[in-house]
Amino acid sequence: MPATPELKPTETNFPAIVVSGIQPSGTLHLGNYFGAIRQHILLHDQFQSYFFIVNYHALTTLQDPEALKKYTIDVALDYLALGFDPSKSNLFLQSDVPQVTELSWIFYTITPVSQLEKGVSFKDKVAQGLTANAGLFNYPILQAADILVYGGTQVPVGADQKQNVEICRDLAARFNDRFASENPILPIPEPYILDDVAVVPGTDGRKMSKSYGNTIGIFDEGKELKKKVMSIVTDSTPLEDPKDPDTCNVFALISLFASDDRREEIAAAYRAGGYGYGHAKNDLLSLITETFAEARERRRTLETDTDYVIDVLRAGGVQGREQAERIMEPVRTAAGLITTY
Ligand code: ADP
C-alpha cells in the first residue's frame, strides 16, 4: 500500500477538507478500485472528509429505479467492506443533502453555456450521435456543487476528471469575485491525483470501463471471476517462448496486486520462457482472490445487515447536511437570497 498521500495547501488557505463522489451506476470494478477507491480509503481517516454516493449524477444515464437503488446500496457495502470506517469519516447519499441542488442552481446563473459545451462527457455523447439530456450537460456544475457545498479543498480524482475540477475551480473563483470579493466564501479546490495511478486495462486491453463491458468486478468470485480472468486478451506467443511482460495486459493487472518481489519474480518468468499466459492468469486469479479475501468476508456479513448500512448512511447524511448548511448560509446571504424560515 502506498504511504499516506501529501496534500497540497490550497490557494485560499481554507482548512483541508477531502471530498469525493462515487457514482452508483454499475458494479464497481478493478479500475474504480485502483483509480479511485483505494485512494479514498487511504485518505478517509487522515482528514476531515466527505464521501457521497452520487445518485443524482447516476440518474443522468441510469433511469431504472430498482437498479439505481441496488447499485446505491452496493456502493455503500463495497466501501464498508473495503475498509471505510464510518467513525472516522462520512459516507452518505447525495440525495440526502438537498443543499447540493440548491448550490447547483446558484452556479447555473454564473456559468456561461459555452463552458459547458466544451465538457468532455457532453461532447463525447454528442459526437456519438446520442442526445444528451440537460442533466448530462450540467453534470460538471452538480459536481462543482458537490465539492464546494462541503468547502472541499482536495478532490481525489482520476486524471480523466481533471477538467471537471477545473470547472469547479472556475466557479468557486467566479462566485467569490462576484459575491464575496472581500471575504472569499468558497475555497479553490485542488485535484488530488496520485502519480502512480495507472489506467487499469480491461479484459480486452482497452481502459477498464463499464461502458466497454470489459470489467472485472472487485467482488467477483468463483466461476465468474475465473471466466473473466481467463478471457483477458493476450498475444499468441507459445508457452515455451520468452515473453515481454511490459506489453501484456495480464501482467499489467498482476503489477497492481503483487508485491515488488513477486512482480519481479513473475516478470523474470515471462522473460525466461516456459511460463505461459495460462500460468500468468492463474497467478492473477490467486492474487485477486487473496487481496480481497477479507473484504469479501466482511461484505458477506454486511449484506445480512442492511439496517446497519442504512444507519451509516443516515448518520453520514446528518454530518453532510450540517457542513453544507455552514457553507450555504453565507452563500445565500452573499448572493442576496432572502430565506424566511
Ligand atoms: P466507468 O468508466 O466504469 O464508468 P467511472 O467513470 O464511474 O468508471 O469512474 C469512477 C472512478 O474510477 C473515476 O475516478 C475514474 O478515474 C476511476 N476509473 C475508472 N476506470 C478506471 C480505469 N480503467 N483505470 C483507472 N481508474 C479508473
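These figures come from a predicted structure and were not determined experimentally.

> When you look at the environment of T291 in this model, what are you seeing that I'm missing?
With respect to the secondary-structure elements, T291 resides in helix 13 (residues 277-291). A polar atom in the side chain of T291 sits 2.6 Å from the backbone oxygen of L287.

> Would you mind going over the packing of helix 4 (residues 99-108) against helix 8 (residues 139-148) with me for this structure?
Two numbers describe a pair of packed helices, the interaxial angle and the distance between the axes. Where helix 4 contacts helix 8, the axes come no closer than 8 Å and their chain directions differ by 120°. Classed by the angle they form, the pair helix 4 and helix 8 counts as oblique. Seen from above, helix 4 lies across helix 8 with right-handed handedness. On the side of helix 4, the interface is formed by V100, L103, S104, F107 and Y108, while helix 8 contributes I141, L142, A144, A145, D146 and L148. Residues that form the contact of helix 4 with helix 8 fall into these classes: nine nonpolar, one polar and one charged.

> Can you help me understand the pairing of strand 1 (residues 17-22) in this one?
On a regular strand, each side chain points to the face opposite its neighbour's, so the side chains alternate between the two faces of the sheet. With five of six residues buried, strand 1 lies mostly within the body of the structure. Direction of pairing for strand 1 relative to strand 2 (residues 48-53): parallel, over a ladder of six bridges. What sits directly across from I22, in strand 2, is I53. As a crossover connection, the stretch from strand 1 through helix 1 (residues 30-44) into strand 2 is right-handed.

> In this structure, what is going on with the side chain of R299? I would like to understand it.
Summarising the element assignment, R299 is placed in helix 14 (residues 293-303). A polar contact is formed between the side chain of R299 and the side chain of D74, at a distance of 3.4 Å. Setting aside chain neighbours within four positions, we find R299 in contact with D74, L77, D78, A81 and F219.

> I keep staring at the domain arrangement of the chain and nothing clicks. Help me out?
When the parts come together, some accessible area is lost, and that loss is often what is quoted as the size of the interface. The assigned domain composition of the chain is domain 1 (18-199 + 305-335) and domain 2 (220-291). For domain 1 and domain 2, the distance between their C-alpha centres works out to 35 Å.

About the thresholds
- Residues numbered from 1 in each chain as written.
- Predicted model: local features only at pLDDT ≥ 70, side-chain atom pairs only at ≥ 80, totals over all residues.
- Heavy atoms only, no water.
- Helix = DSSP H or I, 4+ residues; strand = E, 2+ residues; numbered from the N terminus.
- Polar contact = N/O pair within 3.5 Å; in protein donor to acceptor, adjacent residues only side chain to side chain.
- Axes fitted to C-alpha atoms, helices over the stretch in contact; angles between N-to-C directions.
- Parallel < 35°, antiparallel > 145°, perpendicular 65-115°, else oblique.
- Left-handed = near helix turned anticlockwise from the far one by under 90°.
- Contact = heavy atoms within 4.5 Å.
- Nonpolar A, V, L, I, M, F, W, Y, C, P; charged D, E, K, R; others polar.
- Buried < 20%, exposed > 50% of the residue type's maximum accessible area, 1.4 Å probe, protein only.
- Pairing = 2+ DSSP bridges.
- Right-handed = clockwise from strand over helix to strand, strands pointing away.
- Domains from an automatic or database assignment.

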